[in-house]
Amino acid sequence: MHTTWHVLVDGILWVAGSVAVSLVVLWLVRRVVPHQRLTPHNEVSGFVYAAIGVIYAVLVGFAVITVWEQVRDAETNAFQEASATDSLYRLAAGLPEPTRTEVQQASIAYAQAVVDVEWDAMANAIAPSTEAVTQLDAVWVALARSTPTNATETAILDESLDQLDQLTGHR
């Protein structure tokens, strides 16, 4: 909230300052330059203002498109992170104990840390805690210590490592 407040105050001051400077310059021009001299330039200034308006609209349009794409990319990334976490939890059911329990508990703890801690930290523009990273490390350690006893468990371990790699990449 602290950073957001400063951005808001700075934005208001910049806009208010710009408007004040513009009004002062307009007042000075009206006081110094006679009205008869300004009148012939009205037609030309209308075209200039129209061109400025079009350029501004195009720039705002590009900014909106860029922000929209960034939001869509963030949503996609969050969905893929959640999907990889879910797959990792489900795949752990095919792993031997104690790996199964460790991976499932760490996956749940990771998801809770992301939702409860990191999302709030992002919303408030503060540094996230290391809780989610600690849980993700716990999954890596549990999978690294796993000793599969048959081909099925080996295949599940390989796929679990792939999902964990994807999850780490989407962080």
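In what follows, the accompanying structure is described.

About the criteria used
- Residues numbered from 1 in each chain as written.
- Predicted model: local features only at pLDDT ≥ 70, side-chain atom pairs only at ≥ 80, totals over all residues.
- Heavy atoms only, no water.
- Helix = DSSP H or I, 4+ residues; strand = E, 2+ residues; numbered from the N terminus.
- Rg over C-alpha atoms; globule rule 2.2 N^0.38 Å.
- Buried < 20%, exposed > 50% of the residue type's maximum accessible area, 1.4 Å probe, protein only.
- Axes fitted to C-alpha atoms, helices over the stretch in contact; angles between N-to-C directions.
- Parallel < 35°, antiparallel > 145°, perpendicular 65-115°, else oblique.
- Left-handed = near helix turned anticlockwise from the far one by under 90°.
- Contact = heavy atoms within 4.5 Å.
- Nonpolar A, V, L, I, M, F, W, Y, C, P; charged D, E, K, R; others polar.
- Core = buried A, V, L, I, M, F, W, Y, C linked by side-chain atoms within 4.5 Å.
- Salt bridge = Lys/Arg side-chain N within 4 Å of Asp/Glu carboxyl O.
- Expected span 1.5 Å × (residues − 1).
- 1 Å grid on protein atoms, 1.4 Å probe; cavity = no way out; pocket = protein on both sides within 12 Å on 5 of 7 lines; lining within 4 Å.
- Points joined across faces, edges and corners; volume = space filled by probe spheres on them.

1. Quick notes on the overall build of the protein chain
Secondary structure assignment for the protein chain yields 6 helices and 0 strands. Secondary structure elements in the protein chain, listed N-terminal to C-terminal, are α-α-α-α-α-α. Radius of gyration (C-alpha) of the protein chain: 29 Å, far over the 16 Å computed for a compact globule of 171 residues. Principal axes of the C-alpha set define a box for the protein chain whose edges measure 95 × 30 × 15 Å. Burial statistics for the protein chain: of 171 residues in total, 19% are counted as buried.

2. A look at the packing of helix α3 (residues 42–91) against helix α6 (residues 151–170)
Contact geometry of α3 with α6 gives a least axis separation of 9 Å together with a crossing angle of 155 degrees. Classified by the interaxial angle, the pair formed by α3 and α6 is roughly antiparallel. α6 is crossed by α3, and the crossing has left-handed handedness. In this structure, α3 contributes N77, Q80, E81, A84, T85, S87, L88 and L91 to the contact, and α6 contributes I156, E159, S160, Q163, L164, L167 and H170. Residues that form the contact of α3 with α6 fall into these classes: 6 nonpolar, 7 polar and 2 charged.

3. What about the nonpolar core?
Judged by nonpolar contacts, the single largest core of 18 residues is most densely connected at L88, V103, V139, L143, L164 and L167. Leaving out residues up to four positions away in the same chain, L164 has contacts with L88, L136, V139, W140 and L143.

4. With respect to unusual backbone geometry
Of note, the amide linkage connecting E97 to P98 takes the cis form, showing an omega dihedral of 0 degrees. Relative to the helices and strands, P98 is located in the loop between α3 and α4 (99–123).

5. Considerations on the pattern of salt bridges
Scanning the model with the defined rule gives 3 salt bridges in all. A salt bridge links R145 to E102; its shortest N-O distance comes to 3.5 Å. Pair noted here: R145 is in helix α5 (residues 131–145) and E102 is in helix α4, with a separation of 43 residues, a long-range link. Judged by relative accessible area, R145 falls into the exposed class, the value being 54%.

6. Things to note about α4
The terminal C-alpha atoms of α4 lie 34 Å apart, and with 25 residues this matches the ideal 36 Å at 1.5 Å per residue to within 8%. Within α4 the residues assigned to the buried category are T99, V103, Q104, A106, S107, A109, Y110, A113, V114, E118 and A121. For α4, the elements touching its buried residues are α3, α5 and α6. Looking one or two residues beyond α4, the residue adopting positive phi is A125, at roughly 55 degrees.

7. Describing the side chain of S107
Note that S107 resides in helix α4. With a relative accessible area of 4%, S107 lands in the buried category. Beyond its immediate sequence surroundings of up to four residues, S107 is in contact with T85, L88, Y89 and V139.

8. Some words on the layout of surface pockets
Looking at the largest pocket, its volume works out to about 300 Å³. What lines the largest pocket is simply V25, L26, V29, R30, H35, L38, T39, H41, N42, S45 and Y49. Only α1 (2–32), α2 (35–38) and α3 provide two or more residues apiece to the lining of the largest pocket. Counting residues per element, the lining of the largest pocket draws most heavily on α1, which supplies 4 residues. Its residues placed into classes, the lining of the largest pocket shows 5 nonpolar, 5 polar and 1 charged.

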